[in-house]
Amino acid sequence: MASLALTFTFATLLAMIDLSVAFDRQDFLVHFLNLKNCHHAVLLDCLPDGERALHDRVTMFRHATERGTSLQFVNLRSGYPGPRQPNVTTLFTPRQPTRLCCVLDYECPGASAVLEEVSRYRFMNNTYSWLLLPRQLTRSSALTAERMLWNVSGIQLNSDLITIEWQTGETRKTINLFDIHSKGRHLCKDIYRSLYGWWRPGEPIQLAANYNSYRVRQDFNFLQLRGVTVIDRRNVTHDRVEQLLSEPGLTEGIVAFVKYHYALLVVLRDFHNFTIKFRPTRGWAGRLRRSGYRLGLLGVVQRHETDVAATGIIMRLSRQPELDSIHYSWAFETGFVYKITPDIGSKSEGNGFVAPFSRSVWLTFVLSLGLAMAVLKYLPRLSVHRLESDTNPSSSPGTYLLDVVACVAQQGVAQVSRFVPSRVAILVLLVANLVLYNYYTSTVVSGLLSAQMVGPESIPEVIDSSLKVSLTDTGYHHIMLREQTLPYSTDLYERKARPARSPSELPLFTDVDHAVPFLRRGGHALHCELTEVYPALAKQFTANEICELRTVEGLFGYDIRVMAFVLPKHSMYSELFKTTLMRAQETGIVKRIYRIHKTTKPICQGSATVYSVALSEVSLAFIILGAGLALSGLIYLAEKKRESIRAAAAAAEDGDELV
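A brief look at the structure comes next. (Residues numbered from 1 in each chain as written. Predicted model: local features only at pLDDT ≥ 70, side-chain atom pairs only at ≥ 80, totals over all residues. Heavy atoms only, no water.)

**A closer look at the nonpolar core**
Then, in step 1: Core analysis: the biggest nonpolar cluster contains 77 residues, and Phe220, Phe257, Phe565, Tyr573 and Phe577 have the highest contact counts within it.
Then, in step 2: Top element by residues in this core is helix H8 (residues 256-272). It accounts for 11 residues.
Then, in step 3: What phenylalanine 577 contacts, discounting residues up to four positions off in sequence, is Phe220, Leu225, Leu268, His272, Phe274, Ile326 and Leu567. (Core = buried A, V, L, I, M, F, W, Y, C linked by side-chain atoms within 4.5 Å. Buried < 20%, exposed > 50% of the residue type's maximum accessible area, 1.4 Å probe, protein only. Helix = DSSP H or I, 4+ residues; strand = E, 2+ residues; numbered from the N terminus. Contact = heavy atoms within 4.5 Å.)

**Remarks on the pattern of salt bridges**
Then, in step 1: Under the definition given, this model contains 19 salt bridges.
Then, in step 2: When the shortest N-O distance is used, the salt bridge between arginine 282 and aspartate 232 registers 2.9 Å. With arginine 282 in the loop between strand E11 (274-281) and helix H9 (296-302) and aspartate 232 in the loop between strand E10 (223-230) and helix H7 (241-245), the pair connects residues that are 50 residues apart, well separated along the chain.
Then, in step 3: By relative accessible area, aspartate 232 is classed as partly exposed at 22%.
Then, in step 4: The partner of arginine 294 in a salt bridge is glutamate 322, and the shortest N-O contact between them spans 3.2 Å. A residue pair is termed long-range when its members are at least 10 positions apart, and arginine 294 in the loop between E11 and H9 and glutamate 322 in the loop between strand E13 (312-313) and strand E14 (323-331) qualify at 28 residues. We note that arginine 294, like glutamate 322, is buried.
Then, in step 5: Salt bridges here are not isolated pairs; linked through shared partners, they connect Lys339, Arg520, Glu545 and Glu548. (Salt bridge = Lys/Arg side-chain N within 4 Å of Asp/Glu carboxyl O.)

**Details of a negative patch on the surface**
Then, in step 1: Taken together, Glu252, Asp473, Asp511 and Asp513 make up a surface patch of like negative charges.
Then, in step 2: If you trace the backbone, aspartate 473 turns up in the loop between strand E16 (468-472) and helix H15 (475-483).
Then, in step 3: Among the residues examined, aspartate 473 registers a relative accessible area of 42% and is labelled partly exposed. (Patch = residues over 30% accessible without salt bridge, like charges linked within 9 Å, V, L, I, M, F, W, Y side chains within 5 Å. Areas by Shrake-Rupley, 256 points an atom, 1.4 Å probe, with all protein chains shown as cover. Lys, Arg positive; Asp, Glu negative; His and termini not counted. Charge placed at Lys NZ, Arg CZ, Asp CG, Glu CD.)

**Quick look at the side chain of aspartate 179**
Then, in step 1: Mapping aspartate 179 onto the fold places it in strand E7 (residues 175-182).
Then, in step 2: Here tyrosine 211 takes part through its side chain, which lies 2.4 Å from a polar atom of the side chain of aspartate 179.
Then, in step 3: In this structure aspartate 179 touches Ser159, Leu161, Ile162, Tyr192, Arg193, Ser194, Tyr196, Tyr211 and Arg217, once residues within four positions along its chain are discounted. (Polar contact = N/O pair within 3.5 Å; in protein donor to acceptor, adjacent residues only side chain to side chain.)

**Considering the sheet that holds E13**
Then, in step 1: The strand order across the open sheet built from three strands is E13-E20-E14, with neighbouring strands paired in antiparallel fashion. The two strands at the open ends of the sheet, each matched to only one other strand, are E13 and E14.
Then, in step 2: Note that E14 and strand E20 (residues 562-568) share seven bridges and pair antiparallel. Paired with serine 325 across the two strands is valine 566, which belongs to E20. (Pairing = 2+ DSSP bridges.)

**A look at the sheet that holds strand E18 (residues 524-529)**
Then, in step 1: Reading across the sheet, the five strands line up as E17-E16-E18-E15-E19 and stay open at both edges, with mixed pairing between neighbours. Among the strands making up the open sheet, the edge pair consists of strand E17 (509-510) and strand E19 (549-553).
Then, in step 2: Here strand E15 (residues 334-339) pairs with E19 via five bridges, running antiparallel. The residue of E19 that forms the bridge with lysine 339 is leucine 549.
Then, in step 3: The sheet contacts of helix H18 (residues 530-540) involve E15, E16, E18 and E19, and relative to E18 the element is tilted by about 125°. (Axes fitted to C-alpha atoms, helices over the stretch in contact; angles between N-to-C directions.)

Printed below as a string of structure tokens:
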């Protein structure tokens, strides 16, 4: 049989070891798999054919159910790839259910081919523990391993790769274990090895004192990594990128979260001692229509043309198979910001004239007035002991209505009745009106002195208002209006962006420094990332004007959108950089950088502002007044006509008498 692949338990290693080796290979392999806590192991070896090999495999099968660790054996005697041999992608699936260890005899004919294929598929990372173990360890075995590893391009910074060699200057047979890694084989960098531990026959493997793979690999020794960032400006060369990103405050073509993530990258650069050569792009994403070629920063990262991205990315589900996220901290918050003015401050619904009382209170008050009229009109007539002077047969219902209105207006009545129920009714009306009137006037005055005016509170209200909307001149705003895939983006484009503007008006796409004077003037709204406009507002707005600022949810929403610091998928630097940023966050470095770049809204510290009452707030009062004037005019005309009829009738009677 040229090749064979079997699955056996960890105890079957006892039968595979040739007794002619110079060291106890069986015992060493047992201790190595225990050290790595392997649940599944793949042994790539080359066993000779014969009865002994058959006997070993039978022994392996007998002990298969006795141990919990399984072993998959691949015979490389005929080279690799060979007939009936499993493919590397079959041996190393992307998601291993348990800890996987790989033992390779690099003296076998197909060892180099196996390492090349493993390197091509990026299987030499910390997911797999590799051990290069020759069948016979000699003094020249180390040179053979070095020559073979030099041709392997897949050794990474996060590789878990162990080689062994004899320890020099020892009377006892001691084997040293070396940890192999590279800080960038794709950057044509060397392979490094560090002492991992040692082993003596009959003893467990001893690790080196204070050995830590993070500390061993943290120093990049001025290695130059490839970086990419987004700068929406023309003619920006790679030598100017760091100068622009390190400038304080806002810079043309660079958004706030790009500078924040660059500051985090500076923390990584200073700690790990590397340099960066940046490649600027104009946008974050995009595709060519015909070929589907990825554009922008995401295209560069997806094609592994960079090692680190100095910007934040919103990690949608579609981007997770293309990127590795190592840190989340920046909250992406966009919105409309504008200054409140009386012409946009009032609500369209409701009326300030009736606002102090609810509908039930007004209804109860009207019913009480009607009850008072009934008491004044009918209760004296029903009394047996009424006085003649209180009885006025010619009194009309309008007389009692006039008395009630006079009490409500705190004017009193022309003639106070001597009848007790009537006087009680008048007194109750005056007291009730005093209480309600004081509460009504105090509510109106306090509302004018302390209550803030409420402007548009949602995106549809902003679109329906008279505000002229502008957007910051950034790439995602241009894409948003061009593609119009977000909610309300189509309405915003048709009603706010599409109409022509005069040269004296604020343009559709502008910068924060140009927009703030227009915001202070009023009548304008700016859609931006809110942290970009807050510093300028705090400098140019007075204390009272800051209290008049309003913000509305932006087109990208107020939902939690925490941006991610990203690297290319399966990057060798992911775990190392993730650990460093986690420690920086625990020590407060990340929080300090966040507070520097993430400016909050200025606090309102101004005095109380009295806002003018809009006509819509008191429209009901003028309606009632107009209705009263119209009614009084009609009554006057009716009475005048009635008097003229009476005069004509009287003249006719006088004429008849004369005749």
